[in-house]
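Observations on the model geometry
Here's the letter readout for the chains.
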Amino acid sequence: MGGGRDTALVLGGGGLTGVGWESGILCGLARAGVDLSRADLVVGTSAGSLVGAQLTSGLLTPEELYESQLGDGSGEAVARFGAGLVARYALAMARSRDATAYRRRVGAMALAAAGGADESERREVLAARLVSHEWPERRLVVTAVDALSGELAAFDRESGAGLVDAVSASCAVPGVWPPVTVGQRRFIDGGIRSATNADLAAGYARVVIIAPMTLGSGLVPSPAAQAARLRAAGARVLLITPSPAARKTFGRNVLDPARRAPAARAGLAQAAEHAAEAAAVWSGPAA
C-alpha cells in the first residue's frame, strides 16, 4: 500500500510534451528493469500530476502509459504557451519582493485573464484523459498554488479534494486556462512554485526526479537546486532532464498535441542513458 518512506518518484511540469516525454522515460526504464511505478511516494506537478495519476492508478503499466501517448493529436484543441506569456511571468517576477508575492501576482493575473470563463470544459478534458477518477492506494501528492494567497496546496487522498479537481488545478496554466475551484478556493498550476516541487520528497531515501523543464530563478527553485538539497539531506537522488534531441521534439509550444508523440518516442530513446544509474538509485545497496 505504499506506507514506507524509502522510494519517491517526482514528476515535473512541462505541458503535453512533458506528459509524452515522461511517459517515454518511465516506459524505457521499466523495459530496462527499473519500474518506478512502485514508488512509495509519487509527487506530480502539472503535466506530472496527470502522469502520476495514471501511473499510480493500477490500471496502466508503464508500457501502456507510453502507448497511450502515440496518437497524432489531431482533433485536440491547441493551446499556446508563447513568448508573450513568458514575458508576463518575467515581469511579475521582477515586480515581486519574494516567492510568495510572485505567486500571488501570477494568481491575480490568472484570475483577471480568466474573467468569467467556465472551468467545466477544461475539467472534462482532463477527466477524459484519466483512466481513474479515484485517488490511488499508493501515495500520490498533486501540487497546485492558491491563486489568492500564493501558498502551496499539496492535494492527496486525505485532502478532501477529488482527484480530477486536484489534477485540473495542478494543470491550470495561468493565462492559458482558468484557475480551478476546489472547495471555496481557486488554484493555479503547481509549476508556478517549482517545476517539480521535489522538496515534498524530503525524508525519502531514494528519489528519482523526472523534469521536462529545468529552469529556475531566485524566486522559483530549479529541479537541480531541489535535487541538490535532497542529496545534502542524505538522499540518493537521480535527476533526469531532457536530452538535446528530446528538447528538439518539444518545439516552441509545449501545449501542442502534435508534439506529444515525438516527445514520448524521444523519452523512450533517452531512457537507456539513465537505466544503470536509475537502477543503482532505486534498488542498489544502501549508502
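Residues numbered from 1 in each chain as written. Predicted model: local features only at pLDDT ≥ 70, side-chain atom pairs only at ≥ 80, totals over all residues. Heavy atoms only, no water.

UniProt annotation of "short sequence motif: GXGXXG" (unreviewed entry) refers to residues 13–18 when read in the numbering used here. Within residues 13–18, the helical portion is 67% and the strand portion 0%, while the C-alpha atoms at the span's ends are 6 Å from each other. (UniProt positions renumbered as here; feature names shortened; annotations may be inferred. Helix = DSSP H or I, 4+ residues; strand = E, 2+ residues; numbered from the N terminus.)

Counting buried positions along strand β7 (residues 206–210) yields five of five residues, so the element is predominantly enclosed. In β7, alternate side chains face the same way, and those of Arg206, Val208 and Ile210 on one face and Val207 and Ile209 on the other are all buried. The pairing of strand β1 (residues 7–11) with β7 spans five bridges and is classified as parallel. Of the residues in β7, the one forming a bridge with Thr7 is Arg206. (Buried < 20%, exposed > 50% of the residue type's maximum accessible area, 1.4 Å probe, protein only. Pairing = 2+ DSSP bridges.)

Right, let's talk about helix α7 (residues 163–170) for a bit. In terms of residue burial, α7 counts as a mostly covered element, since seven of its eight residues are buried. Within α7, the full set of buried residues consists of Leu163, Val164, Ala166, Val167, Ser168, Ala169 and Ser170.

This brings us to the pattern of salt bridges. For the coordinates displayed, the defined rule picks out nine salt bridges. One salt bridge in this structure joins Asp165 and Arg123, with 2.7 Å as the shortest N-O distance. With Asp165 in helix α7 and Arg123 in helix α6 (residues 120–129), the pair connects residues that are 42 residues apart, well separated along the chain. Given the relative accessible area of 36%, Arg123 is considered partly exposed. Notably, a salt bridge pairs Asp146 with Arg185, separated by 2.7 Å at the nearest N-O pair. Of this pair, Asp146 sits in strand β3 (residues 139–146) while Arg185 sits in strand β6 (residues 185–189), and the two are 39 residues apart along the sequence. (Salt bridge = Lys/Arg side-chain N within 4 Å of Asp/Glu carboxyl O.)

With the rule as written, the count across this model stands at two aromatic pairs. Between Trp21 and Phe250 the ring centres are 6.5 Å apart and the planes differ by 80°, which places this aromatic pair in the edge-to-face class. In this pair, Trp21 is assigned in helix α1 (residues 15–31) and Phe250 in helix α9 (residues 244–250), connecting sequence segments 229 residues apart. As far as burial versus exposure is concerned, Trp21 and Phe250 are alike and both buried. Pairing Phe155 with Phe187 gives two aromatic rings, centres 5.2 Å apart and planes at 75°, and the pair type is edge-to-face. You can see Phe155 sitting in strand β4 (residues 152–155) and its partner Phe187 sitting in strand β6, a full 32 residues away along the chain. Comparing Phe155 with Phe187, the two get one shared label, buried. Over the face of the ring belonging to Trp177 we find Arg122, whose NZ or CZ atom lies 3.5 Å from the ring centre. (Phe/Tyr/Trp six-rings, centres within 6.5 Å; stacked < 30°, edge-to-face > 60°. Lys NZ or Arg CZ within 6 Å of the ring centre and 35° of its normal.)

Moving on, we come to the packing of α1 against helix α2 (residues 47–56). It is the contact of α1 with α2, at a shortest axis distance of 8 Å, that shows an interaxial angle of 40°. Between α1 and α2, the angle falls in the class oblique. Crossing of α1 against α2: the hand is right-handed. Between α1, through Gly15, Gly18, Val19, Glu22, Ser23 and Leu26, and α2, the contact on the second element is made entirely by Ala47, Gly48, Leu50, Val51 and Leu55. Among the residues making up the contact of α1 with α2, the classes are represented as six nonpolar, four polar and one charged. (Axes fitted to C-alpha atoms, helices over the stretch in contact; angles between N-to-C directions. Parallel < 35°, antiparallel > 145°, perpendicular 65-115°, else oblique. Left-handed = near helix turned anticlockwise from the far one by under 90°. Contact = heavy atoms within 4.5 Å. Nonpolar A, V, L, I, M, F, W, Y, C, P; charged D, E, K, R; others polar.)

Further remarks concern unusual backbone geometry. The backbone of Ser46 shows a phi angle near 55°, a positive value even though the residue is not glycine. Mapped onto the elements, Ser46 comes out in the loop between β2 (41–45) and α2. When its relative accessible area of 8% is taken as the criterion, Ser46 is described as buried. Residue Asn197 is not a glycine yet carries a positive backbone phi of 55°. The residue Asn197 is located in the loop between β6 and β7 in this model. A relative accessible area of 0% places Asn197 in the buried class.

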